[in-house]
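These are the residues of each chain, in order.
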Amino acid sequence: MNLEEKLKSAVVEGIEKLYNQKPDEKRINFQKTSKDFEGDITIVVFPFTGISKKTPEQTANDIGNFLKENLAEVESFNVVKGFLNLVISSSFWIDFFNTASATEHFGFATPNSGKTIMVEYASPNTNKPLHLGHIRNILLGYSVAEILKANGHKVLKVQVINDRGIHICKSMLAWQKWGNGETPQTSGLKGDKLVGKYYVEFDKHYKSEIAELVAKGITKEDAEKQAPSMVEAQNMLLKWEAKDTDVYALWEMMNSWVYAGFDVTYNSLGVDFDKLYYESQTWLRGKDEVLKGLEQGIFYRKEGQSVWVDLTKEGLDEKVLLRSDGTAVYMTQDIGTAILRYHDFPDLNGIVYTVATEQDYHFKVLFLILQKLGFEWAKNCYHLSYGMVDLPSGKMKSREGTVVDADDLMEEMITTAKEISLEKGKGEDSAEAEELYRMIGMSALKYFILKVDPKKKMLFNPQESIDINGHTGPFIQYTHARIKSLLRRADSVSISEVNTSLSMLPKEKELIKLIYQFPATLKEAGDGYSPALLANYIYELAKEYNQFYHDFPVLKEEDKDKKNFRLQLTALTGKIIKDSLRLLGIQAPEKM
RNA sequence: GGUCCCAUAGCUCAGCUGGAUAGAGCACAGGUUUUCUAAACCUGCGGCCAUUGGUUCGAAUCCAAUUGGGAUCACCA
């Protein structure tokens, strides 16, 4: 039983004894005591004045007295208006501290003690390189997965690769016509960049063809359909669906280039996957499921043989699931993929889809359809919807070329980290130093993105993101490095359990209280799929530690017990920072 | 037009299920080094929490309307 639970049941008991009436447990809430008053935990007693029939002050005093007499942890209390401020005994805090220090990964739940959850993230198209938007997706998905693991769940990281469709054919066609056999090896380009180049190439030709046709007096709409490039691309798609050997071989070759390119980016980002789903392998399954639903009368046909689902009762629209020519739409594939996943992993307790907020409607519909099809598990599917990343210049538009390329961005971050280090006179010319610049640059980028509430859209200002002071990843890394440096110097000192009678300084107690909140914060971050909660927490912790570090000696403290205590406090803080950073996908250097 | 999301300091963001005088960082002005990493720490400056009404002991937080911004509503993906 933790402190809050103990307090809660004691408050219930106390109110019952004092006023002969049971209070509503939900109305008992605790909060941190404001800095302006003495105390650790505050109970708001306004809700109980109805029961006590006394003034808030008297009620608070009654309850305070009861708690003080009946709970060893409550050392004293004071009352300000309707606020009952409790002072928790320092022996409680030290006891807690000793246990936490002795725990391997303090705050983490026992591995595999919870549910099995699949987290989907990244899921790019294969015709364009990854950009800043993908970075937010990837960092979020990865971090959520790691946080869920830390909360004891078994997690499967997956992505679905959109490797099928007309867009791929466009790149293929352009490469065939104008590529002269160029490969990543001969061009020196990353595979995804090379394929992306031909996608752009296609678009260029396509547009000029349209312009030509329009000049001849054809409407724009018709021109878009008649343009020779488009007709050819569509033919290619038909050939692909018929598994034409040549087209298939080309498709496989170019996809392999893209995957190799993506892998490089994933590697730089430090993320991984347990399983990949390819749409080319799942799209047919979706068709089957839709046809089954049609037989069961869940869906219906419209004129022209297209298949639809009616969601008007749910306040949504009608949605097409199969075109009149029988081909699949996006939704069809997603239905198939979801069902396949539960087939692959029967013990799955939920799927988290990390997909941009633009698709809120799509996922609402998807989950509804799955429920209509009778899949109970659909209610455990969650759309982790994240906001767009805007630039100071406005929105990112791939068509307008205002996209921030993922690889370029990372490189720039690392270069800047190096420049700053050199400016500060901390640079040196070694492989080790290069690795450090990489860690710092990447942490600036990752923290900048992860500290923002996923649901909210965010502004990505390149200059601020590269910042290393203040509320940033490097600041937290620095705190960790500082801690490590201190501990290195202390390695000859034996660390032993702290005596509960030791008197703590306010700053030390503040640190312990903050550490006390770590498990709850980690749990909230998991339950709410929000790395931002964790990110903001470690910033607080790092800041609190830095203040402590600045004001009080650790190694130079002469009192042996105090020195031991401070060393352990330092060690525990360092462990929590390191563990938390890892959950955010950020490395914690030993030196900076 | 329907539906959904958002609005907090000059800028970027915190503020958990309603609780005490709304917090950080950046920017700006200044200060701290014979002592464990100054990528640190401290002080100052900065707010009608978009507006209006409601709910109640109590609202940045809940409800409604208004204004401004964004997303979405394809036999696209």
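Since we're looking at a predicted model, the values are computed, not measured. Every residue gets a number counted from 1 within its own chain, in the order that chain's sequence is written. Chain letters and ligand numbers both follow the written order, the letters beginning at A and the numbers at 1. For this predicted model, a pLDDT threshold of at least 70 governs which residues receive local features, and a threshold of 80 or more governs which side-chain atom pairs are given and counted, while totals over whole chains, interfaces and linings are taken from all residues. As a convention, hydrogens and water are excluded, and side-chain values are obtained from all of the structure's heavy atoms.

Visitor: Just to check I follow, could you spell out the overall build of chain A for this structure?
Guide: Strands are runs of DSSP state E lasting at least two residues, helices are runs of H or I lasting at least four, and both sets are numbered from the N terminus onward. A tally of regular secondary structure across chain A gives 22 helices and 14 strands. Along the first, second and third principal axes, the C-alpha atoms of chain A reach 90 × 65 × 40 Å. Classification of the 592 residues of chain A by burial places 51% in the buried group. Taking the contacts inside chain A whose residues are at least 6 apart along the sequence as the reference set, 72% of them involve residues at least 24 apart. Only carbon and sulfur atoms are counted for the fraction: they give 49% of the accessible area of chain A, which is about 28400 Å². In chain A, 74 positive and 84 negative side-chain charges are present, and the distance between their average locations comes to 2 Å. A 1.4 Å probe rolled over the protein chains alone gives each residue an accessible area, and that area as a share of the maximum for its type sets the label: buried under 20%, exposed over 50%, partly exposed in between. Contact between two residues is taken to exist if any of their heavy atoms lie within 4.5 Å; hydrogens are not considered. The Shrake-Rupley method, run with a 1.4 Å probe sphere, supplies the accessible areas, and residue values consider only the shown protein chains as cover. Positive charges come from Lys and Arg alone, negative charges from Asp and Glu alone, with His and the N- and C-terminal ends not counted. One atom stands in for each charge, and that atom is NZ of Lys, CZ of Arg, CG of Asp or CD of Glu.

Visitor: Could you clarify how one ought to interpret the confidence of the model for chain A in this entry?
Guide: It should be kept in mind that the predicted coordinates are not to be read in detail where pLDDT is low. For chain A, per-residue confidence averages 92 on the pLDDT scale, and residues scoring 70 or more make up 98% of the total. In the model output, the complex is listed with pTM 0.95 alongside ipTM 0.96. The predictor attaches a confidence to each residue, called pLDDT, with possible values from 0 through 100.

Visitor: Would you mind going over helix α3 (residues 56–70) with me for this structure?
Guide: Residues separated by three or four positions in an α-helix point in the same direction, a consequence of the helix having 3.6 residues per turn. Between its first and last C-alpha atoms α3 spans 21 Å; for 15 residues at 1.5 Å apiece the expected length is 21 Å, and the two agree. Its buried side turned inward, α3 meets α1 (3–19), β2 (41–44), α2 (49–52), β3 (74–80) and β4 (83–88). Each residue after the first adds 1.5 Å to the expected span of a helix.

Visitor: Explain the nonpolar core here, please?
Guide: Here is a general trend for soluble globular proteins: nonpolar side chains tend to be buried in one another's company. To form a nonpolar core, buried Ala, Val, Leu, Ile, Met, Phe, Trp, Tyr and Cys residues must be joined to one another through side-chain atoms within 4.5 Å. Core analysis: the biggest nonpolar cluster contains 143 residues, and Leu-67, Leu-84, Leu-86, Ile-135, Leu-445, Phe-460 and Ile-476 have the highest contact counts within it. Aside from chain neighbours lying at most four places away, what touches Ile-135 is Leu-269, Ala-406, Leu-409, Leu-445 and Ile-449. Within the second largest apolar cluster, 36 residues are counted, among which are Val-158, Leu-348, Trp-377 and Ala-378.

Visitor: Honestly, the side chain of Asn-151 in this entry has me stumped. Any pointers?
Guide: Looking at the secondary structure, you find Asn-151 in the loop between α5 (132–150) and β6 (154–161). Side-chain atoms alone can form a polar contact between residues adjacent in sequence; in general such a contact is a pair of N or O atoms within 3.5 Å, and within protein one must be able to donate a hydrogen while the other accepts it. Here Ile-147 takes part through its backbone oxygen, which lies 3.0 Å from a polar atom of the side chain of Asn-151. Polar side-chain contacts of Asn-151 include one of 3.1 Å to the backbone oxygen of Leu-522. Apart from residues no more than four positions distant in its own chain, Asn-151 is found in contact with Ala-109, Leu-522, Lys-523 and Gly-526.

Visitor: Could you clarify how one ought to interpret the side chain of Thr-126 in this entry?
Guide: Mapped onto the elements, Thr-126 comes out in the loop between β5 (116–120) and α5. Those residues in contact with Thr-126, other than ones at most four positions away along the chain, are Ile-161, Asn-162, Asp-163, Ile-168, Val-195, Asn-255, Val-258, Tyr-259 and Phe-262.

Visitor: I tried to follow the protein's contact with RNA strand B on my own but got confused; where do I start?
Guide: For RNA strand B, the set of nearby residues contains 64 residues, the closest of which are Arg-323, Lys-395, Tyr-478, Phe-552 and Lys-556. The share of sugar and phosphate among atoms of RNA strand B within 4 Å of the protein is 64%. One of the side-chain nitrogen or oxygen atoms of Asn-546 is found 3.3 Å away from a sugar or linking oxygen of RNA strand B. Among the secondary structure elements, those contributing two or more residues to the surface near RNA strand B are β2, β4, β14 (458–459), α18 (473–489) and α21 (531–551). With eight residues, α18 is the largest single contributor of residues to the surface near RNA strand B. What makes a residue near a molecule or strand is one non-hydrogen atom of that residue sitting within 4 Å of it.

Visitor: So what exactly am I meant to see when it comes to the pattern of salt bridges here?
Guide: For side chains bearing opposite charge, pairing can occur when the charged atoms are close. Put simply, a salt bridge is a Lys or Arg side-chain nitrogen that is within 4 Å of an Asp or Glu carboxyl oxygen. All told, the structure shown has 32 salt bridges when counted by the stated rule. Salt-bridge contacts for Glu-73 lead to Lys-6; the nearest nitrogen and oxygen are separated by 2.7 Å. Of this pair, Glu-73 sits in the loop between α3 and β3 while Lys-6 sits in helix α1, placing them 67 residues apart in sequence. Given a relative accessible area of 32%, Lys-6 falls into the partly exposed group. Note that Asp-407 is salt-bridged to Lys-193, the shortest N-O span being 2.8 Å. Note that Asp-407 is positioned in helix α15 (residues 406–423) and Lys-193 in helix α8 (residues 191–215), a separation of 214 residues in sequence. Each of Glu-146, Lys-149, Lys-157, Asp-272 and Arg-582 takes part in a single network of salt bridges with overlapping partners.

Visitor: How should I be thinking about the environment of Gln-234 in this particular structure?
Guide: With respect to the helices and strands, the residue Gln-234 is situated in helix α10 (residues 228–241). Look at Gln-234 and you get partly exposed, because its relative accessible area is 42%. Residues Gln-234 and Val-264, 30 residues apart in the sequence, show an inter-C-alpha distance of 31 Å.

Visitor: Could you clarify how one ought to interpret the environment of Asn-125 in this entry?
Guide: Looking at the secondary structure, you find Asn-125 in the loop between β5 and α5. With 133 residues separating them in the primary sequence, Asn-125 and Val-258 have C-alpha atoms 9.7 Å apart. Not counting residues up to four positions away in its chain, the partners in contact with Asn-125 are Asn-162, His-167 and Phe-262.

Visitor: Mind showing me how you'd approach a positive patch on the surface here?
Guide: What goes into a patch is any residue over 30% in relative accessible area without a salt bridge, connected to like charges within 9 Å or, for nonpolar side chains (Val, Leu, Ile, Met, Phe, Trp, Tyr), within 5 Å. A cluster of basic residues, Arg-488, Arg-489, Lys-556 and Lys-591, forms a positive patch at the surface. Locating Lys-556 in the fold gives a position in the loop between α21 and α22 (560–583). Residue class for Lys-556 comes out exposed when judged on its relative accessible area of 74%.

Visitor: Explanation requested: the environment of Glu-289 in the structure shown.
Guide: Among the structural elements, Glu-289 can be located in helix α12 (residues 279–295). Sequence-wise, Glu-289 and Ser-34 are 255 residues apart; in three dimensions their C-alpha atoms are separated by 57 Å. Once residues lying within four places of it in the same chain are set aside, the contact partners of Glu-289 are Ile-335, Ile-339, Leu-373 and Phe-375.

Visitor: Would you mind going over the packing of helix α19 (residues 506–516) against α22 with me for this structure?
Guide: Angle between the axes and distance between the axes are the two parameters that describe a pair of packed helices. To get an axis, a line is fitted to the C-alpha atoms, and for a helix only the part in contact is used. The angle between two axes follows their N-to-C directions and goes from 0 to 180 degrees. Running from amino to carboxyl end, α19 crosses α22 at an angle of 35°, the nearest separation of the two axes being 11 Å. Along this stretch, α19 crosses α22, giving a crossing that reads as left-handed. Across the interface between the two elements, Glu-508, Leu-511, Ile-512 and Ile-515 from α19 touch Phe-565, Arg-566, Leu-569, Leu-572, Thr-573 and Ile-576 from α22. In terms of residue class, the contact of α19 with α22 is built from seven nonpolar, one polar and two charged. Crossing chirality is assigned from the near helix's rotation relative to the far helix, an anticlockwise turn below a right angle marking it left-handed and a clockwise turn marking it right-handed. In this classification, Asp, Glu, Lys and Arg are treated as charged, Ala, Val, Leu, Ile, Met, Phe, Trp, Tyr, Cys and Pro as nonpolar, and every other residue, Gly included, as polar.

Visitor: Where do I start with unusual backbone geometry in this structure?
Guide: Most of the time, phi is negative for any residue but glycine, and the peptide bond is trans. A positive phi angle is found at Asn-180, which is not glycine, with a value near 50°. Within the secondary structure, Asn-180 is located in the loop between α6 (166–178) and α7 (184–187). You can call Asn-180 exposed: its relative accessible area is 76%. Backbone geometry at Lys-243 places phi at a positive 60°, although glycine is not the residue there. By the secondary structure assignment, Lys-243 is in the loop between α10 and α11 (245–269).

Visitor: Please clarify how the sheet that holds strand β7 (residues 275–278) should be interpreted in this entry.
Guide: Neighbouring strands of a sheet are bound in pairs by backbone hydrogen bonds; such pairs are parallel or else antiparallel. Whether two strands pair depends on DSSP finding at least two bridges between them. Across the sheet, five strands lie side by side as β7-β6-β5-β11-β12; this open sheet has parallel pairing. Each having just a single partner strand, β7 and β12 (381–386) make up the two edges of the open sheet. Going from strand to strand, the sheet's axes swing by 25° on average, the running direction of each strand aside. Both β6 and β7 contribute to a ladder of four bridges, which runs parallel. Looking across to β7, one finds that Gln-159 is bridged to Leu-276. Contacting β5, β6, β11 (350–356) and β12, α5 crosses the sheet at an angle of about 160° to β6. Against the sheet, α12 engages β6 and β7, with an angle of about 60° to β7.

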